[in-house]
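Residues per chain are reported as follows:
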Amino acid sequence: MTKADIIEGVYEKVGFSKKESAEIVELVFDTFKETLERGDKIKISGFGNFQVRQKKARVGRNPQTGKEIEISARRVLTFRPSAVLKAALNGEQIPENHSELDAAEDAAADAAEAAGLDPEDLDEALEEMEELEPMKASVGGMKAKAE
C-alpha cells in the first residue's frame, strides 16, 4: 500500500475531496515524523507502538571479506504491534481484555529496555512462550492419563 492508496481510501470512505484527503494524510504523516524526530513514542490503541531507540556503536563484519568494521551508533525506528493487530493478522478472535494486554506488553517492553535488554528480543521470547503453551497442556494431559 502506498501513500496514494491511503489518500484514495480516505477519499472514498470519508467523502472529502481528493485534495482535502491528501492534506489530511500528509498532516498525519508530518505529525508522526515530528513526534518521532523528538524521540517521543507514538501509541495507537488497537494498532501498535512506534518508538525511536538509540543503538550503540558495535563491531560487525563485512560478509564478503570477513573484515571487521565499526557500525556507528544510530537511532532506529521500531514498531510493536498491539495484541489486537496480532490477533487480526492471525485470524484469531480479538481478546476482550485487549487494552489490558497491550498495557502489559508495553510495561514489559519498557522494563526490558530499562534493564538494558532489547525489547525485540523480549517480543521473540514471548512468541516462543506462546508457542509452548499448547505443548504444555498436551504434556499435562499425557501425564494425567499415565497416572
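Residues numbered from 1 in each chain as written. Predicted model: local features only at pLDDT ≥ 70, side-chain atom pairs only at ≥ 80, totals over all residues. Heavy atoms only, no water.

Peer 1: Would you explain the sheet that holds strand S1 (residues 42-44) in this entry?
Peer 2: Either a parallel or an antiparallel arrangement is found when strands of a sheet pair, and the pairing is made through backbone hydrogen bonds. Here we have three strands laid out as an open sheet, ordered S1-S2-S5, and antiparallel in their pairing. Every interior strand has two partners, whereas the edge strands, S1 and strand S5 (74-81), have only one. Sheet twist, expressed as the average angle between the axes of neighbouring strands with direction ignored, equals 25 degrees. By the bridge criterion, three bridges tie S1 to strand S2 (residues 48-55) in an arrangement that is antiparallel. Among the inter-strand pairings, Ile42 is bridged to a residue of S2, identified as Phe50. (Pairing = 2+ DSSP bridges. Helix = DSSP H or I, 4+ residues; strand = E, 2+ residues; numbered from the N terminus. Axes fitted to C-alpha atoms, helices over the stretch in contact; angles between N-to-C directions.)

Peer 1: Where do I start with the environment of Val84 in this structure?
Peer 2: As for its position among the elements, Val84 is in helix H3 (residues 83-89). Taking the C-alpha atoms as reference, Val84 lies 6.7 Å from Phe47; in sequence the two are 37 residues apart.

Peer 1: Help me understand helix H2 (residues 18-37), please; the structure alone is not making it clear to me.
Peer 2: In an α-helix there are 3.6 residues to a turn, and that puts residues three or four apart on one side. Across its 20 residues, H2 extends 28 Å between first and last C-alpha, which sits within 8% of the 28 Å expected from 1.5 Å per residue. Listed as buried for H2 are Ser21, Val25, Thr35 and Leu36. Projection of H2 onto a plane perpendicular to its axis shows the buried side chains occupying an angular sector of 105 degrees, all on one side. Residues Lys19, Leu27 and Glu37 are exposed on H2 and point more than 90 degrees away from its buried face. Where H2 is buried, its residues contact helix H1 (3-14), S1, S2 and S5. (Expected span 1.5 Å × (residues − 1). Buried < 20%, exposed > 50% of the residue type's maximum accessible area, 1.4 Å probe, protein only. Arc of directions from axis to C-beta. Contact = heavy atoms within 4.5 Å.)

Peer 1: Looking at this model, I keep getting lost on the pattern of salt bridges. Mind explaining?
Peer 2: Two side chains of opposite charge can pair, provided their charged atoms sit close to one another. Evaluated as defined, the whole model comprises four salt bridges. We note a salt bridge from Glu26 to Lys3, for which the minimum N-O separation is 3.0 Å. Here Lys3 lies in helix H1 and Glu26 lies in helix H2, a separation of 23 residues in the sequence. (Salt bridge = Lys/Arg side-chain N within 4 Å of Asp/Glu carboxyl O.)

Peer 1: What should I look at first to understand the packing of aromatic side chains in this one?
Peer 2: Two measures describe an aromatic ring pair: the distance that separates the ring centres and the angle between the ring planes. On inspection of all chains with the given rule, the structure shows four aromatic pairs. On the numbers, 6.0 Å between centres and 50 degrees between planes, the contact of Phe32 with Phe50 is tilted. In this pair, Phe32 sits in helix H2 while Phe50 sits in strand S2, placing the two residues 18 residues apart along the sequence. By relative accessible area, which is 25% here, Phe32 ends up partly exposed. According to the relative accessible area criterion, Phe50 is buried, its value standing at 18%. Relative to Phe79, the ring of Phe50 lies with its centre 4.8 Å away and its plane at 45 degrees, an arrangement referred to as tilted. Placement of Phe50 in strand S2 and of Phe79 in strand S5 is noted, with a sequence separation of 29 residues between them. In this structure Phe79 comes out as partly exposed when scored by relative accessible area, which is 34%. Taken together, the ring pairs in this structure connect Phe32, Phe47, Phe50 and Phe79 into an aromatic cluster. The side chain of Lys18 reaches across the aromatic face of Tyr11, ending 5.2 Å from its centre. (Phe/Tyr/Trp six-rings, centres within 6.5 Å; stacked < 30°, edge-to-face > 60°. Lys NZ or Arg CZ within 6 Å of the ring centre and 35° of its normal.)

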